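Given next are the chains, with one letter for each unit.
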Amino acid sequence: MPVSGKPPYDDQNIFAKILRGEIPCQKVFEDDYALAFNDINPQGPIHVLVIPKAPYVSYADFAATAPETLIANFSRAVAAVAKQLGLEETGYRLIANMGPDSHQMVPHYHVHIIGGRPLGHMIVPLKT
Ligand code: AMP
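Residues numbered from 1 in each chain as written. Predicted model: local features only at pLDDT ≥ 70, side-chain atom pairs only at ≥ 80, totals over all residues. Heavy atoms only, no water.

1. Examining the overall build of the protein chain
What counts, and what does not: Going along the chain from the N terminus, every DSSP run of H or I of four or more residues is numbered as a helix, and every run of E of two or more is numbered as a strand. The reference for a compact globule is 2.2 Å times residues^0.38; the radius of gyration itself is calculated from the C-alpha atoms. Burial classes follow relative accessibility: with a 1.4 Å probe on protein chains only, a residue under 20% of its type's maximum area counts as buried, one over 50% as exposed, and anything between as partly exposed. Should any heavy atoms of two residues lie within 4.5 Å, those residues are considered in contact. Using a 1.4 Å probe, the Shrake-Rupley method yields the accessible areas, and only the shown protein chains count as cover for residues. For the purpose of counting charges, residues Lys and Arg are taken to be positive, whereas Asp and Glu are taken to be negative. His and the chain ends are not included. Charged groups are reduced to one reference atom each: NZ for lysine, CZ for arginine, CG for aspartic acid, CD for glutamic acid.
Secondary structure assignment for the protein chain yields 3 helices and 5 strands. Computed over the C-alpha atoms, the radius of gyration of the protein chain is 14 Å, within 12% of the 14 Å expected from 2.2 N^0.38 for a compact globule of 128 residues. When the 128 residues of the protein chain are sorted by exposure, 35% land in the buried category. Considering only contacts within the protein chain whose residues lie at least 6 apart along the sequence, 59% involve residues at least 24 apart. For the protein chain, the exposed area adds up to about 8000 Å²; of that, 57% sits on carbon and sulfur atoms. Once the 10 positive and 12 negative side-chain charges of the protein chain are each reduced to a mean point, those two points are 6 Å apart.

In structure tokens form, the structure reads like this:
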């Protein structure tokens, strides 16, 4: 079921467990602010999730309440991961789902980095 994207933060969500080391992930990057790991159900040749190392439910929660140092360093971490993945020349797409219409499934803010092939239009057009 998609989540609301609104607090309170549920510390039993799967990314909280990954951050605490309670379940494994295929880590590709880590610094003081962010952890990045391969998506378990990749939507492209490269599909990595970047999560802040702090309890925010969604982009809205993160943007409204995170300290500016974390916002800046997390943003830089996303770009650093994409560069590390070799995607700067060919390009990539960032997705941050928030709330029901976006189909956000995990209530810990995360940015998807997807690339490694041409990705087409941003979203599949609605059939009329
Ligand atoms: P979202 O719909 O934006 O909340 O995306 C959640 C993403 O988390 C999906 O792309 C899932 O495939 C991915 N995911 C769920 N559980 C895991 C896990 N244990 N390890 C890596 N990726 C996961």
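2. Considering the site of the ligand
Put simply, the rule reads: Residue proximity to a molecule or strand is established when one non-hydrogen atom of the residue lies within 4 Å of it. Residues adjacent in sequence count toward polar contacts only when both atoms are side-chain atoms; beyond that, a polar contact is any pair of N or O atoms within 3.5 Å, and within protein one must be able to donate a hydrogen and the other to accept it.
D39, N97, M105, H110 and H112 are the nearest of the 15 residues found near the ligand. A distance of 2.5 Å is found between an oxygen atom of the ligand and a side-chain nitrogen or oxygen belonging to D39. Interatomic distance of 3.1 Å between a backbone N/O atom of I40 and a nitrogen atom of the ligand. When isolated, the ligand has an accessible area of 510 Å², and the protein chains bury 82% of it.

3. Description of unusual backbone geometry
Residue P8 follows P7 across a cis peptide bond; omega there is 10°. With respect to the element layout, P8 can be found in the segment before helix 1 (14-19). Positive phi, close to 70°, is recorded for H103, a residue that is not glycine. Structurally, the position occupied by H103 is in the loop between strand 4 (92-95) and strand 5 (111-115).

4. Some points on the sheet that holds strand 2 (residues 34-38)
Stated precisely, the cut-off is as follows: By this definition, two strands are paired if DSSP reports at least two bridges between them. Only the stretch in contact is used when a helix axis is fitted, and all axes are lines through C-alpha atoms; the angle between N-to-C directions ranges over 0 to 180 degrees.
With antiparallel pairing, the 5 strands of this open sheet are ordered in space as 1-2-3-5-4. Either end of the sheet is taken by a strand with one partner, and the two such strands are strand 1 (27-30) and strand 4. When strand polarity is set aside, the average angle formed by the axes of neighbouring strands in this sheet is 20°. Judged from the 4 bridges that link them, strand 4 and strand 5 form a sheet pairing that is antiparallel. By the bridge assignment, R93 is partnered in strand 5 with I114.

5. Some thoughts on the environment of L70
On the secondary structure map, L70 appears in helix 3 (residues 68-84). Taking C-alpha positions, L70 is 9.3 Å from D32, a pair spaced 38 residues apart along the chain. Contacts of L70, omitting those with residues within four sequence positions, involve Y33, A54, Y56 and F62.

6. Some points on the pattern of salt bridges
What counts, and what does not: By convention in these notes, a salt bridge is any Lys or Arg side-chain nitrogen within 4 Å of a carboxyl oxygen on Asp or Glu.
As enumerated under the stated definition, the model contains 3 salt bridges in all. Close ionic contact of E22 with R20 constitutes a salt bridge, the shortest N to O distance being 2.7 Å. E30 is the salt-bridge partner of K53, the closest N and O atoms lying 2.8 Å from each other. Note that K53 is positioned in the loop between strand 3 (46-52) and helix 2 (59-65) and E30 in strand 1, a separation of 23 residues in sequence. The class of K53 is partly exposed, set by a relative accessible area of 33%. A network of salt bridges, in which partner residues are shared, links K27, E30 and K53.

Honestly, it's all geometry; don't read function into it.
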